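# Architecture and fold: a report
Listed below are the residues making up each chain.
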Amino acid sequence: MLDDRRATGHSPHAVFGERGKLLNIAFRMLGSTPDADEVVQDTYARWFALSDEERRAVRSPATWLMRTSGRTCLDHLAAARTRREQYVGEWLPEPLPGDTRWNSSARTEWICDPAEHVTFDESVSMGVMVVLESVTPAERIAFILHDVYDLPHTEIACVIGRVPPACCQLAASARRHIQERRHRPVAPEQHRDVVAALRQACADDDHDALADLLDPEVSVRSDGGGKVRAALRPVHGPEKAARFLLGLLRPQHGQRLAEETVSGHPGLAAYVDGEVVAVVATDVRDGRVCDLWMILNPDKLHAWRCLQPARCEQGDG
């Protein structure tokens, strides 16, 4: 006969089966895989700190784990705001590599297959993640738990300490903020074509061709974390943006530029001796790049270290 924990789905195997979902939720809330992993570890520590009787009283371990990780993320977000006030230059979410490397002529697979990774949808794109940085922690958590993971507002109320109608309003506020700030997504093929042309212009060190690929209102944000050279403030306009991009991405000192999937969308990565030194996420509007986010802080590039070196046939970069 099964014991009470197995009969109600409370076995350790069933509980640990939620780990992937918890990592996905925590990353969308925090924008950092190390922070997300810390939250998940803390969540499981709290679960196994419960007595057997307390665990048997939990009707849905999966919901309990989501609520607990949400509350822990809320604490992290509050602390993160203070840390980011002291951050050198722009703070950007961590860029994530996709399941495959792509380029304009071929696709090649990862040499490693992580057992746990963030799954991709529009909520994890760099554009949405950046906008989520501008809403309140409560709005962010309400939006992610409800709109992305379909958790009822009655459960979200237990996470953020508000009544359900207030949670509904918080999610709606975040949703509205995203809709106002985000561009309508373009077809993946068009996005890839624009980024492929962007890479080629950088490889050719062609300022004019690069400037022509940039939207008149283009914005470039770069995150060096005070550890490598980056702009402390956004760079606006195609002429200034082209000069800035070429200063960092033109072929020099053995650097190669490869087309990559970055946080679910076409982007670029710069490699030196097979090691990634910069990742560029992009957003496209009307056939031109309207936003670029350059992550150069080496602390935010650890997810790329299991990738095989950029293929030489991807260009002369």
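To keep things clear, this report deals only with the structure shown in the data block. Just so it is clear, the model here is predicted, and its values are computed rather than measured.

### Remarks on the side chain of N297
Summarising the element assignment, N297 is placed in the segment after β8 (288-295). Relative accessible area serves as the criterion here: at 4%, N297 is assigned to the buried category. A polar contact of 2.9 Å, which involves the side chain of N297, links it to the side chain of Y87. N297 has contacts with Y87, D223, G224, G225, K227 and V228, leaving out every residue within four places of it along the chain.

### Section: unusual backbone geometry
In this structure, S263 takes a positive phi of about 50 degrees despite not being glycine. Along the polypeptide, S263 turns up in the loop between β5 (255-262) and β6 (265-272). Judged by its relative accessible area of 1%, S263 is buried. With a phi close to 55 degrees, D273 is a non-glycine residue in the positive phi region. Summarising the element assignment, D273 is placed in the loop between β6 and β7 (275-285).

### Regarding the sheet that holds β8
Taking strand neighbours across the sheet as the criterion, the six strands line up as β4-β3-β8-β7-β6-β5 in an open arrangement whose pairing is mixed. Bordering the open sheet on either side are β4 (235-236) and β5, each of which pairs with just one other strand. Two elements, strand β3 (residues 214-223) and β4, share two bridges in a ladder whose sense is antiparallel. Looking across to β4, one finds that S219 is bridged to H236. With respect to the sheet, helix α11 (residues 188-203) is in contact with β3, β5, β6, β7 and β8, its orientation differing from that of β6 by roughly 25 degrees.

### Focus on the pattern of salt bridges
Evaluation of the coordinates by the stated rule reveals 16 salt bridges. Of the charged contacts, one joins D42 and R46 as a salt bridge, the two residues approaching to 2.9 Å between their closest N and O atoms. One end of the pair is D42 and the other is R46, both in helix α4 (residues 33-49) and four residues apart, which spans about a single turn. When its relative accessible area of 27% is taken as the criterion, D42 is described as partly exposed. Ionic pairing is found between R67 and E155, a salt bridge with its closest N-O pair at 2.7 Å. Taken together, the positions of R67 in helix α6 (residues 61-85) and E155 in helix α9 (residues 153-160) put the pair 88 residues apart, joining distant regions of the chain. We classify R67 as buried; its relative accessible area is 19%.

The rules behind these values
- Residues numbered from 1 in each chain as written.
- Predicted model: local features only at pLDDT ≥ 70, side-chain atom pairs only at ≥ 80, totals over all residues.
- Heavy atoms only, no water.
- Helix = DSSP H or I, 4+ residues; strand = E, 2+ residues; numbered from the N terminus.
- Buried < 20%, exposed > 50% of the residue type's maximum accessible area, 1.4 Å probe, protein only.
- Polar contact = N/O pair within 3.5 Å; in protein donor to acceptor, adjacent residues only side chain to side chain.
- Contact = heavy atoms within 4.5 Å.
- Pairing = 2+ DSSP bridges.
- Axes fitted to C-alpha atoms, helices over the stretch in contact; angles between N-to-C directions.
- Salt bridge = Lys/Arg side-chain N within 4 Å of Asp/Glu carboxyl O.

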